[in-house]
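Residues per chain, in single letters:
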There are 2 protein chains.
Amino acid sequence: MFEDMARNLTGWLSGKGDENMVVLSSRVRLARNLAGCIYPSAADAATREKVVGYFESMADRSDLFARGKLLRGNDMTPLDRDFLVERHLMSPGFMKDDNSRALFISDDEQVSIMINEEDHLRIQAMSPGLNPDSPHEIAGKFDNAIGKHLEFDYDSDFGYLTACPTNVGTGLRASVLIHLPGLVITKDIDRVISKITKMGVVVRGFYGEGSDVLGNLFQVSNQNTLGVSEKETLQLIASVTRSIIAEEDHARERLMREASEQIIDKIWRAYGILKHARVLTSEEVMNLLSAVRLGVAMKVIDCVDIPKINEILLLSQPAHLQKYYKEEMTPDRRDFIRAEMVREKIK
Amino acid sequence: MFEDMARNLTGWLSGKGDENMVVLSSRVRLARNLAGCIYPSAADAATREKVVGYFESMADRSDLFARGKLLRGNDMTPLDRDFLVERHLMSPGFMKDDNSRALFISDDEQVSIMINEEDHLRIQAMSPGLNPDSPHEIAGKFDNAIGKHLEFDYDSDFGYLTACPTNVGTGLRASVLIHLPGLVITKDIDRVISKITKMGVVVRGFYGEGSDVLGNLFQVSNQNTLGVSEKETLQLIASVTRSIIAEEDHARERLMREASEQIIDKIWRAYGILKHARVLTSEEVMNLLSAVRLGVAMKVIDCVDIPKINEILLLSQPAHLQKYYKEEMTPDRRDFIRAEMVREKIK
């Protein structure tokens, strides 16, 4: 499963969009629950199955869901699930316990909907660059389409009700995936994170909550969903992101002014290792790509472009690599094949 | 001074000769003193001057010395002296105090003679590969030529008398410069050094006595000069070197059997960094070249050859780099220009 998907760069990594030299993508997630149904974590499998059934019959009646597929846990191997996590189409651990959870993916991969994750429905959309309005509009379409057929748990005072109180209200989490090597190298990152945290945003690693920062990629998302409008949330993320970009640009300029030789050296060495290494872990590739991405943004290097960097980033991940080569691999074999793939792509 | 010399690869680094995949060069040094003259360290400058004078008038009367030059300390800047040390034509610190010491260099650089170093005369010859007989023959010619005009301090029981008792007898030090990355990586080097030390040889770093091991290059030379013949000494060095080569070959085979991916990766990464780095210290170049040299020897890499590796090794040294580019440089500037030179040479 997914071998063909692995051969295509997912849309949010196209490298296009506003501020694409710093911001990889914008994401919006809407948490929704169905009125009168026990929430997934408290429900038994049969009750969860019913919710999947409601979703299925709704989807059958909606044109919007025609170009997409509904996947069940039973359809998938652990490798398939890892693949979907790497592609940011679902959260880690989802659908691994039984068959009472499901995932809808639109054919263009712009939208994915987790059914019976923490909430009954988690509608997610992603777009390249800094543009949270775009995934919001896309997710909103699916939200409306579902709302025409199914009744959401909604309180006129609070707004949408959710399993975790941190999502009550709009149920909206808007986030951007942002590349901040300048702030990491100048060690200004902690100061910037501390500053923006006070503005009501949260900073996480590449794979979301609880994940490590890899390749200097950070996810910035809104903290609050209660007492704010969707519009305010989108504006907050856009404006905080612009202030981070300004800090990052400032750090990059300072680096080029004060340590240009060292930075240029770091960039070219990273490129040289990617181009010639015979063994590469995914973490190392992410860190080397971070330097090369910085090099492209700072016009130090022009023999690779951002889409190519994104493609290598995506394919370097363990499940992607195995799907791409249609082969199950041990970690050692992956490190060897990953280096081969990187050399081939960067040639 | 020496700018033109810096543009030519010195003969002993031609990359030719027996066992050239492990042994860079063979060297012979003869210590000689003139009968009836106080030894250099005990003599005053005027007395030392006299010895230089004896040498000069001897050289004037001998055809062998026609194709060469006699250099005095006053002729040289500190950079010039560093250059000659890097080229292994004289020992570190030589000629830096006053003008009463001199250095003869043959035009082909096969022979150099230090006058008033530790002994009155130190005649040295170098050849590429494992072949101590060749520099011995060359040094012997100059030894004989000098002996025709000047009387050496010689004792019928002891042999040649020298300033330090460790040189009394033959006055002969034969050595090879040998590349042992396999034994270093497998950590067998200490065992091998300990074994050969018992056979009457000494192991030193790249720049001789007291110098560090850089780029896995070792100098192996005989310990004894008393009670052994010249022939026995040359045979000892050749046979010990052959046994080290066997150990090194064994280590390389083991590496390729047990960790070929890691070794091949190490080799290609070194090449990638040399090819792309913008800042390189001389120590790093020596260590990276060591990996690339191993790669050439093991037929892992064929886009560079041994003469090219030797050329980069030579030119990476601080004084060579400055002579090559005809510019005095700060250490930071050298690291930058060195990387430029390496990229240019490896292209």
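To keep things clear, this report deals only with the structure shown in the data block. (Residues numbered from 1 in each chain as written. Chains lettered and ligands numbered in written order. Predicted model: local features only at pLDDT ≥ 70, side-chain atom pairs only at ≥ 80, totals over all residues. Heavy atoms only, no water.)

With that settled, consider the packing of aromatic side chains. Residue and element names in this part refer to chain A. On inspection of all chains with the given rule, the structure shows 20 aromatic pairs over all chains. Their ring planes at 85° and their centres at 5.6 Å tell us that W268 and Y271 sit as a pair that is edge-to-face. Of this pair, W268 and Y271 are both found in helix α8 (residues 260-276), three residues apart, which corresponds to roughly one turn of the helix. Comparing W268 with Y271, the two get one shared label, buried. Linked through ring pairs, F55, F65, F104 and F142 together constitute an aromatic cluster. Taking the ring centre of Y324 as reference, the NZ or CZ of R7 above it sits at 4.0 Å. (Phe/Tyr/Trp six-rings, centres within 6.5 Å; stacked < 30°, edge-to-face > 60°. Helix = DSSP H or I, 4+ residues; strand = E, 2+ residues; numbered from the N terminus. Buried < 20%, exposed > 50% of the residue type's maximum accessible area, 1.4 Å probe, protein only. Lys NZ or Arg CZ within 6 Å of the ring centre and 35° of its normal.)

It is worth spelling out helix α3 (residues 78-86) of chain A at this point. Residues and elements named next belong to chain A. Within α3, seven of the nine residues are buried, which leaves it mostly tucked inside the rest of the structure. Buried within α3 we find L79, D80, R81, F83, L84, V85 and E86. Where α3 is buried, its residues contact α1 (3-6), β2 (68-72), β3 (102-106), α10 (306-316) and α11 (318-324). Just past α3, the residue H88 takes up positive phi, approximately 60°. (Contact = heavy atoms within 4.5 Å.)

Even without being glycine, N116 of chain A reaches a positive phi, approximately 70°. Note on placement: N116 of chain A falls in the loop between β4 (111-115) and β5 (121-128).

Okay, helix α12 (residues 331-346) of chain A next. Residues and elements named next belong to chain A. Under the 1.5 Å per step criterion, the end-to-end length of α12 is 22 Å for 16 residues, consistent within 8% with the ideal 22 Å. Residues of α12 that are buried: R334, D335, I337, R338, A339, M341, V342, K345 and I346. Against the buried residues of α12 lie α8, α9 (282-297), α10 and α11. (Expected span 1.5 Å × (residues − 1).)

Locating S316 of chain B in the fold gives a position in helix α10 (residues 306-316). Overall, S316 of chain B belongs to the buried group, its relative accessible area being 1%.

Below, the discussion takes up the side chain of S112 of chain A. Residue and element names in this part refer to chain A. Here S112 shows up in strand β4. Given a relative accessible area of 2%, S112 falls into the buried group. Within the local environment of S112, its side chain forms a polar contact with the backbone oxygen of L89, the two atoms lying 2.9 Å apart. (Polar contact = N/O pair within 3.5 Å; in protein donor to acceptor, adjacent residues only side chain to side chain.)

Quick look at the relation of the copies chain A and chain B now. The two copies are related by a screw motion: chain A maps onto chain B through a turn of 180° and a shift of 0.0 Å along the axis, at an RMSD of 0.0 Å. The transformation just described matches what one would write down for a two-fold rotation axis. Within chain A, G272 of chain A has its C-alpha nearest the rotation axis, a separation of 2.2 Å. An overlap of 100% is found between the interface residues of chain A and their copies at the interface of chain B, pointing to a shared contact surface. (Least-squares fit on C-alpha atoms with pLDDT ≥ 70 in both.)

Right, let's talk about the interface of chain A and chain B for a bit. Contacts between chain A and chain B engage 17 residues on the former and 17 residues on the latter. Three residues stand out in chain A for area buried against chain B, namely R269, H276 and R278 of chain A, and they jointly supply 37% of the buried area on that side. Across the chain A-chain B interface, the total number found is two salt bridges. Viewed at the interface, chain B and chain A are joined by eight residue pairs in polar contact (both at pLDDT 80 or more). Contributions of two or more residues to the side of chain A that touches chain B are made by α8 and α12 of chain A. Considering each element in turn, the side of chain A that touches chain B owes the most residues, ten residues, to α8 of chain A. When the residues that make up the side of chain A that touches chain B are grouped by side-chain class, the tally is eight nonpolar, two polar and seven charged. (Buried area = accessible area lost by both parts, 1.4 Å probe. Salt bridge = Lys/Arg side-chain N within 4 Å of Asp/Glu carboxyl O. Nonpolar A, V, L, I, M, F, W, Y, C, P; charged D, E, K, R; others polar.)

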